[in-house]
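In case you want the letters, here they are:
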Amino acid sequence: QVQLVESGGGLVQAGDSLTLSCAVSGRTYNIYMMGWFRQAPGTEREFVASITRSGGTTGYADSVKGRFTISRDNDENTVNLQMNNLEPDDTAVYYCAAQSIPGRNYDYWGQGTQVTVSS
């Protein structure tokens, strides 16, 4: 099993920056890909960013490209999401997720952390 705990959410103003962190524990050697997703009220959960175990490959949703940066520290077992120039549309609950098999669904999910961006 893998446990994921997010932190760093909060209330900020448009244009501000915020960094989310995901602490990963358990059978971390099974993890291939880590990702961040978000879900705003009344919407489906959507992909935000992902990073492979080596950190060599990252992916971003078009809506956050150039503003968000995902990184991982395998020694500290953390995955961070640096969010710059935040917009009200970024308001959502942000979830950290882990994928053990390439191409398959994410297997493990955190409880989420709320990010609210005021205009």
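The structure under discussion appears in the preceding block.
Residues numbered from 1 in each chain as written. Predicted model: local features only at pLDDT ≥ 70, side-chain atom pairs only at ≥ 80, totals over all residues. Heavy atoms only, no water.

## Let's talk about the packing of aromatic side chains
Argument step 1. Per the stated rule, a full pass over the model turns up four aromatic pairs.
Argument step 2. Note on Phe37 and Tyr106: the rings are 5.0 Å apart at their centroids and 80° apart in plane angle, and the pair reads as edge-to-face. You can see Phe37 sitting in strand 4 (residues 33-39) and its partner Tyr106 sitting in the loop between strand 9 (92-99) and strand 10 (108-109), a full 69 residues away along the chain.
Argument step 3. The class for Phe37 is buried, based on a relative accessible area of 11%.
Argument step 4. When its relative accessible area of 16% is taken as the criterion, Tyr106 is described as buried.
Argument step 5. Ring pairs connect the aromatic residues Phe37, Phe47, Tyr106 and Trp109, which therefore count as one cluster.
Argument step 6. The lysine or arginine in question, Arg45, covers the ring of Tyr95, its NZ or CZ lying 5.3 Å from the ring centre.
Argument step 7. Its guanidinium or amino end placed over the ring of Trp109, Arg45 lies 3.8 Å from that ring's centre, counting from NZ or CZ. (Phe/Tyr/Trp six-rings, centres within 6.5 Å; stacked < 30°, edge-to-face > 60°. Helix = DSSP H or I, 4+ residues; strand = E, 2+ residues; numbered from the N terminus. Buried < 20%, exposed > 50% of the residue type's maximum accessible area, 1.4 Å probe, protein only. Lys NZ or Arg CZ within 6 Å of the ring centre and 35° of its normal.)

## Some details on the state of the cysteines
Argument step 1. Inspection of every chain in the model, using the stated rule, returns one disulfide.
Argument step 2. Cys22 shares a disulfide with Cys96; S-S distance 2.1 Å. Judged by the sign of its S-S torsion, about -80°, the cystine formed by Cys22 and Cys96 is left-handed. One end of the pair, Cys22, is in strand 3 (residues 18-26); the other, Cys96, is in strand 9, with 74 residues separating them in the sequence.
Argument step 3. A relative accessible area of 0% means that Cys22 is categorised as buried.
Argument step 4. Using a relative accessible area of 0% as the deciding quantity, one classes Cys96 as buried. (Disulfide = S-S within 2.5 Å.)

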